[in-house]
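# A look at the structure
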Amino acid sequence: MTLTNNDKALIESTYAHLIINELNLAKCFYRNLFEMAPLIKPMFKKDTALVEVHFNELIHTAVKYIKNFEELKPELYDLGKKHRGFGVKVGQFKVVKAALLLSIEYELKGQFNNDIKVAWSNYIDQISAVMIEGLNGD
Ligand code: HEM
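This write-up is about the structure you can find in this document. Just so it is clear, the model here is predicted, and its values are computed rather than measured.

### With respect to the site of the ligand
- The full set close to the ligand counts 19 residues, and Lys45, Lys46, His54, Lys82 and His83 are the nearest of them.
- Contact distances for the ligand include 2.7 Å between an oxygen atom and a backbone N or O atom of Lys45.
- Mapped onto the shell around the ligand, the elements with two or more residues apiece are helix H3 (48-64), helix H4 (69-85), helix H5 (93-107) and helix H6 (114-136).

This is the structure in structure tokens:
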């Protein structure tokens, strides 16, 4: 799960492409998520556009802090804690990861490859692990 320097560089460079269509990534992500796991949809109560903006901000911050991940941990821990209030279960992180990877693949069009997949997969695992600590914490 530890990110190599190559993983970090790949995430930064692919994000530069993803950011051009930032809102499309979030839209694509939620569409994929709700198709893969329809029972998750009713858990979302807020305006979808607002959740998309928050999700984008989180991804943006996560990429910004990729080389200083320790500094991001408190925010992710609190986000995980908040997710307990949303009724989220640890087992649901798997489908969120799958939906996000699929959206990145789609948004990068032909530029997606296995190295990029492994890099993002590792980073999503790292982010999720801290959120899950917050979710399970006191
Ligand atoms: C990598 C993992 C995840 C990230 C980065 C993430 C990110 C976010 C962010 C930034 C928000 C907005 C918080 C706010 O508005 O204050 C949010 C809300 C939410 N997330 Fe996640 N999330 C993740 C995993 C999950 C999982 C596994 C579920 C399970 C179903 C989930 C369900 C929700 C729900 C229900 C909301 C609240 C939306 C609403 O109030 O309408 N998230 N998430």
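### Re the coordination of the iron atom of the ligand
- Among protein residues, the single donor to the iron atom of the ligand is His83 (NE2), with a metal-donor distance of 2.1 Å.
- For His83, the position within the fold is in helix H4.

### Here's the deal with the packing of aromatic side chains
- Under the definition given, this model contains 7 aromatic pairs.
- For the pair Phe34 and Phe44, a centre-to-centre distance of 5.3 Å together with 70° between the ring planes defines the contact as edge-to-face. Within this pair, whereas Phe34 is found in helix H2 (residues 22-36), its partner Phe44 is found in the loop between H2 and H3, the two being separated by 10 residues in sequence.
- On the basis of relative accessibility, which here comes to 17%, the residue Phe34 falls in the buried class.
- Looking at Phe44, the relative accessible area reads 32%, which means it is partly exposed.
- Judged by centre distance (5.7 Å) and plane angle (65°), the ring pair of Phe69 and Tyr123 falls under edge-to-face. Pair noted here: Phe69 is in helix H4 and Tyr123 is in helix H6, with a separation of 54 residues, a long-range link. The pair formed by Phe69 and Tyr123 is uniform in burial state, with each residue classed as buried.
- Ring pairs connect the aromatic residues Phe29, Tyr30, Phe34, Phe44 and Phe55, which therefore count as one cluster.

### Notes on the pattern of salt bridges
- By the definition in use, this model includes 4 salt bridges.
- Ionic pairing is found between Glu12 and Lys67, a salt bridge with its closest N-O pair at 3.4 Å. Of this pair, Glu12 sits in helix H1 (residues 5-18) while Lys67 sits in the loop between H3 and H4, and the two are 55 residues apart along the sequence.
- A salt bridge links Lys73 to Glu70; the nearest nitrogen and oxygen atoms lie 3.1 Å apart. A residue pair is termed a helical-turn pair when its members lie 3 or 4 positions apart in one helix, as Lys73 and Glu70 do in helix H4 at 3 residues.

### Thoughts on the packing of H5 against H6
- Running from N to C, H5 and H6 point in directions that differ by 150°, and their axes come no closer than 10 Å. Of the two elements, H5 crosses H6, and the hand of that crossing is right-handed. For the pair H5 and H6, the contacting residues are Phe93, Lys97, Leu100, Leu101 and Ile104 in the first and Lys117, Trp120, Ser121, Ile124, Asp125, Ser128, Met131, Ile132 and Leu135 in the second.
- Residue classes in the contact of H5 with H6 are distributed as 9 nonpolar, 2 polar and 3 charged.

### A few points about H1
- The end-to-end C-alpha distance of H1 is 20 Å, a good match for the 20 Å that 14 residues give at a rise of 1.5 Å each.
- The set of residues buried in H1 consists of Asp7, Lys8, Leu10, Ile11, Thr14, Tyr15 and Leu18. The arc enclosing the buried residues of H1, seen along the axis, measures out at 160°, which places them on a common side.

Quick notes on the rules
- Residues numbered from 1 in each chain as written.
- Predicted model: local features only at pLDDT ≥ 70, side-chain atom pairs only at ≥ 80, totals over all residues.
- Heavy atoms only, no water.
- Near = heavy atom within 4 Å.
- Polar contact = N/O pair within 3.5 Å; in protein donor to acceptor, adjacent residues only side chain to side chain.
- Helix = DSSP H or I, 4+ residues; strand = E, 2+ residues; numbered from the N terminus.
- Donors = N, O, S within 2.8 Å, 3.2 Å for Na, K, Ca; no water.
- Phe/Tyr/Trp six-rings, centres within 6.5 Å; stacked < 30°, edge-to-face > 60°.
- Buried < 20%, exposed > 50% of the residue type's maximum accessible area, 1.4 Å probe, protein only.
- Salt bridge = Lys/Arg side-chain N within 4 Å of Asp/Glu carboxyl O.
- Axes fitted to C-alpha atoms, helices over the stretch in contact; angles between N-to-C directions.
- Left-handed = near helix turned anticlockwise from the far one by under 90°.
- Contact = heavy atoms within 4.5 Å.
- Nonpolar A, V, L, I, M, F, W, Y, C, P; charged D, E, K, R; others polar.
- Expected span 1.5 Å × (residues − 1).
- Arc of directions from axis to C-beta.

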